[in-house]
There are 2 protein chains.
Amino acid sequence: MSRSNPRVLSTLERAGGFASAQEVYRLMQREGQKIGLTTVYRSLQSLVNDKIVDVLRRDDGEAIYRLCGETHHHHLVCKSCGETVEIEGGAIEKWALNVAKDHGFREVGHTAEIFGLCSKC
Amino acid sequence: MSRSNPRVLSTLERAGGFASAQEVYRLMQREGQKIGLTTVYRSLQSLVNDKIVDVLRRDDGEAIYRLCGETHHHHLVCKSCGETVEIEGGAIEKWALNVAKDHGFREVGHTAEIFGLCSKC
DNA sequence: TCTGAAATGAAAATGATTTTCATTTCCATG
DNA sequence: CATGGAAATGAAAATCATTTTCATTTCAGA
Ligand SMILES: [Zn+2]
Ligand SMILES: [Zn+2]
Ligand SMILES: [Zn+2]
Ligand SMILES: [Zn+2]
């Protein structure tokens, strides 16, 4: 496993909001940074593994990445423009734990995402 | 715009749950149906436009389709052996709708999955 | 039957992502 | 200071889903 190139993380921060691997790469190019597309992909993957960034999908299927806070949370995403709101998941955390306990499951985790059309779309 | 080839819809129904375009195509091939991959893609797109079918994304980015109005449920999956329990998501449905409404989103949908270790693992 | 629009599908193009693999950079040890 | 090997890098090729092209077929209506 390769470790993340810190310039990738720095660029993603600077990009603000979501950016795809291709976008991060282009941005670094424009800024004159010398880096390969492969390294950008590998670094972003690594950041996702380390849970330092979130990865979502655009409507067209392209993966987009974003720095996310430390706390566990969920996303409300606009299907059309991609606007994203981070959501506290208190209710769903309880739901997941209860459902799992009812069925005798341990070491429980969950994923949840809400999508729809935002007010502007 | 092309209209949907009815055999595509029929195959998606028969597939049960979600299926990607490639999977629908392979299924039709196995069944000896003569159809082109292009037509499968076009038909699925058309069904999505007509809101007869929902489209989501797998983690790997592949688009998956399912009939609208199929009974909605969630899954509790064992990380180790893959045992799966179908879950009614009453609580999470309300949560998703409320969160979305609070942020002015329309046409709301959601995904949710719980995973853990089952009692046997 | 004739005619044009719609449907079809094979093949090529596209575009993101992954894989390969040779090269470069690091680093610890002698 | 070597120097040997592990990790990182990136160019190019490979993958793979999806879209586009375009020539052909189907089909409904005149
Ligand atoms: Zn986040
Ligand atoms: Zn929007
Ligand atoms: Zn199990
Ligand atoms: Zn639900």
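Higher on the page you've got the structure.
Everything quoted here is computed from the prediction, not taken from an experiment.

Draft legend 1. Geometry of the interface of chain B and chain A. Contacts between the two partners involve 40 residues from chain B, matched on the other side by 39 residues from chain A. Summing the contributions of chain B and of chain A, the shared interface buries around 3100 Å²; its carbon and sulfur component is 65%. The largest share of the area that chain B buries against chain A comes from Trp95, Phe105 and Ile114 of chain B, three residues that together contribute 23% of it. Counting across the chain B and chain A interface gives 0 salt bridges. Counting across the chain B and chain A interface gives 14 residue pairs in polar contact (both at pLDDT 80 or more). Mapped by element, the contributors of at least two residues to the side of chain B that touches chain A are strand S2 (53-57), strand S4 (74-78), strand S5 (84-87), helix H4 (90-102) and strand S6 (106-117) of chain B. Ranked by residues supplied to the side of chain B that touches chain A, first place goes to S6 of chain B with 12 residues. Its residues assigned to classes, the side of chain B that touches chain A shows 20 nonpolar, 10 polar and 10 charged. The pairing of strand S6 (residues 106-117) of chain A with S6 of chain B spans 9 bridges and is antiparallel. In the strand pairing of S6 of chain B, histidine 110 of chain A is matched with isoleucine 114 of chain B.

Draft legend 2. Main features of the sheet that holds strand S1 (residues 19-20) of chain B. Residues and elements named next belong to chain B. A sheet is described by the order of its strands in space; here 3 strands give the open sequence S1-S3-S2, paired in antiparallel fashion. One side of each edge strand has no neighbouring strand; the edge strands of this open sheet are S1 and S2. Running over the sheet, helix H1 (residues 6-15) touches S1, S2 and strand S3 (63-67) and is turned about 90° from S3.

Draft legend 3. Expanded view of the sheet that holds S4 of chain B. The strand order S5(A)-S4(A)-S6(A)-S6(B)-S4(B)-S5(B) describes an open sheet built from 6 strands, whose pairing is mixed. Pairing within the sheet leaves two strands with one partner each, and these edge strands are strand S5 (84-87) of chain A together with S5 of chain B. With direction set aside, neighbouring strand axes in the sheet form an average angle of 20°. Most of the contacts of helix H4 (residues 90-102) of chain A go to S6 of chain A, to which it runs at about 135°, and overall it touches strand S4 (74-78) and S6 of chain A together with S4, S5 and S6 of chain B. Lying over the sheet, H4 of chain B contacts S4, S5 and S6 of chain A together with S4 and S6 of chain B, oriented at roughly 135° with respect to S6 of chain B.

Draft legend 4. Highlighting the nonpolar core. Ranked by size, the top nonpolar core spans 28 residues in total, and within it Leu76, Trp95 and Ile114 of chain A together with Leu76, Trp95 and Ile114 of chain B carry the most contacts. Excluding anything up to four places from it in sequence, isoleucine 114 of chain B contacts Trp95, Ala96, Val99, Ala100, Val108, Gly109 and His110 of chain A together with His75, Leu76 and Val77 of chain B.

Draft legend 5. Spotlight on the coordination of the zinc ion (ligand 1). Residue and element names in this part refer to chain A. Within the protein, Asp54 (OD), His73 (NE2), His75 (NE2) and Glu86 (OE) serve as the donor atoms for the zinc ion (ligand 1), at 1.8 to 2.6 Å. One way to put it: the 4 donor atoms around the zinc ion (ligand 1) meet at angles of 86 to 136°, and that makes the site irregular. Between the donor residues of the zinc ion (ligand 1), the gaps in sequence give the motif D-x18-H-x1-H-x10-E. Highlighted residues: histidine 75 in strand S4 and glutamate 86 in strand S5, separated in sequence by 11 residues. Residue classification places histidine 75 among the buried residues on the basis of a relative accessible area of 7%. The exposure class assigned to glutamate 86 is partly exposed, which follows from its relative accessible area of 35%.

Draft legend 6. Local environment of helix H2 (residues 21-30) of chain A. Residue and element names in this part refer to chain A. Turning to H2, its buried residues are Ala21, Val24, Tyr25 and Met28. Projection of H2 onto a plane perpendicular to its axis shows the buried side chains occupying an angular sector of 100°, all on one side. Those residues of H2 that are buried lie in contact with helix H1 (6-15), strand S1 (19-20), helix H3 (37-49) and strand S3 (63-67).

How each quantity is defined
Residues numbered from 1 in each chain as written. Chains lettered and ligands numbered in written order. Predicted model: local features only at pLDDT ≥ 70, side-chain atom pairs only at ≥ 80, totals over all residues. Heavy atoms only, no water. Contact = heavy atoms within 4.5 Å. Buried area = accessible area lost by both parts, 1.4 Å probe. Salt bridge = Lys/Arg side-chain N within 4 Å of Asp/Glu carboxyl O. Polar contact = N/O pair within 3.5 Å; in protein donor to acceptor, adjacent residues only side chain to side chain. Helix = DSSP H or I, 4+ residues; strand = E, 2+ residues; numbered from the N terminus. Nonpolar A, V, L, I, M, F, W, Y, C, P; charged D, E, K, R; others polar. Pairing = 2+ DSSP bridges. Axes fitted to C-alpha atoms, helices over the stretch in contact; angles between N-to-C directions. Core = buried A, V, L, I, M, F, W, Y, C linked by side-chain atoms within 4.5 Å. Buried < 20%, exposed > 50% of the residue type's maximum accessible area, 1.4 Å probe, protein only. Donors = N, O, S within 2.8 Å, 3.2 Å for Na, K, Ca; no water. Tetrahedral: all angles 85-135°; square planar, octahedral: opposite > 155°, others 65-115°. Arc of directions from axis to C-beta.

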